[in-house]
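One-letter residues, chain by chain:
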Amino acid sequence: MAEKKKTGKKYIVVFQDEENTVLKTAFVAEGDGAQPPEISAKKGETAHHEVVFAGWDTDFSRVEKNLVVKAIYKEIPKKYLVMYFHENDRLLGMESVSYGQAAKAEVFPEKEGDAEYEYPFLGGNRPLDHIEKDTNVKAVFGRK
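Let us look at the structure shown here. (Residues numbered from 1 in each chain as written. Predicted model: local features only at pLDDT ≥ 70, side-chain atom pairs only at ≥ 80, totals over all residues. Heavy atoms only, no water.)

## Section: the pairing of strand β2 (residues 22-29)
Consideration 1: Where strand β1 (residues 10-16) meets β2, 7 bridges bridge the pair, whose relative direction is antiparallel. Each bridged residue has a counterpart across the sheet, and for Lys-10 the counterpart in β2 is Ala-29.
Consideration 2: Remark: 5 residues form the turn of the hairpin made by β1 and β2, two consecutive strands paired antiparallel; Asn-20 in that turn has positive phi of roughly 70 degrees. (Pairing = 2+ DSSP bridges. Helix = DSSP H or I, 4+ residues; strand = E, 2+ residues; numbered from the N terminus.)

## Some details on a nonpolar patch on the surface
Consideration 1: Together, Leu-81, Leu-91 and Met-94 line one region of the surface with nonpolar side chains, adding up to about 250 Å² of accessible area.
Consideration 2: With respect to the helices and strands, the residue Leu-91 is situated in strand β7 (residues 91-98).
Consideration 3: Take Leu-91: its relative accessible area is 38%, and that puts it in the partly exposed class. (Patch = residues over 30% accessible without salt bridge, like charges linked within 9 Å, V, L, I, M, F, W, Y side chains within 5 Å. Areas by Shrake-Rupley, 256 points an atom, 1.4 Å probe, with all protein chains shown as cover. Salt bridge = Lys/Arg side-chain N within 4 Å of Asp/Glu carboxyl O. Buried < 20%, exposed > 50% of the residue type's maximum accessible area, 1.4 Å probe, protein only.)

## So, the side chain of His-86
Consideration 1: By the element assignment, His-86 lies in the loop between β6 (79-85) and β7.
Consideration 2: Apart from residues no more than four positions distant in its own chain, His-86 is found in contact with Leu-92, Pro-109, Glu-110, Lys-138, Ala-139 and Phe-141. (Contact = heavy atoms within 4.5 Å.)

## Structural notes on the packing of aromatic side chains
Consideration 1: Tallying each qualifying case throughout the model produces 7 aromatic pairs.
Consideration 2: Seen from their ring centres, Phe-15 and Phe-60 are 5.1 Å apart, and the 85 degrees between their planes marks the pair as edge-to-face. With a gap of 45 residues between them, Phe-15 in strand β1 and Phe-60 in the loop between β4 (49-56) and β5 (67-77) connect regions that are remote in the sequence.
Consideration 3: Since its relative accessible area comes to 13%, Phe-60 is described here as buried.
Consideration 4: Judged by centre distance (6.4 Å) and plane angle (55 degrees), the rings of Tyr-117 and Tyr-119 are tilted.
Consideration 5: Accessibility expressed as a relative area gives 25% for Tyr-117, which makes it partly exposed.
Consideration 6: A residue is classified by how much of its surface remains accessible, and Tyr-119, at 16% relative accessible area, is buried.
Consideration 7: Here a set of aromatic residues connected by ring pairs shows up, and it is made of Phe-15, Phe-53, Trp-56, Phe-60 and Tyr-73.
Consideration 8: Above the face of the Tyr-73 ring, Lys-43 is positioned so that its terminal group lies 5.0 Å from the ring centre. (Phe/Tyr/Trp six-rings, centres within 6.5 Å; stacked < 30°, edge-to-face > 60°. Lys NZ or Arg CZ within 6 Å of the ring centre and 35° of its normal.)

Listed below in structure tokens is the structure:
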């Protein structure tokens, strides 16, 4: 495919945030790419979510006309640490869980039985179906 001949024409590329505030204006030669402004990867946060930069709404890698390019931000759930402990406080494992999601709880500890009883693992000492903060879970064993 033949390369398009550059005409010397320039176009204006305006980068804006989501509130239409101009972040950068550049004149770009036809067919060239524009250089976006430096912006923070994280814009803010709420109690359980972060607002992060997700990209730009328009391709500016090959400019063929005047462009207005807007920053796109998205709200993502914060991640919380779930730590699993044996009843003797030995760390068994951990996982990172997004706010509001269930922990996988793929830890299945054992407790050695004695001459009188077996101690089956019953689960953890707190619910793991809706994580809202860093959570420590201690193994609970039955007796039979």
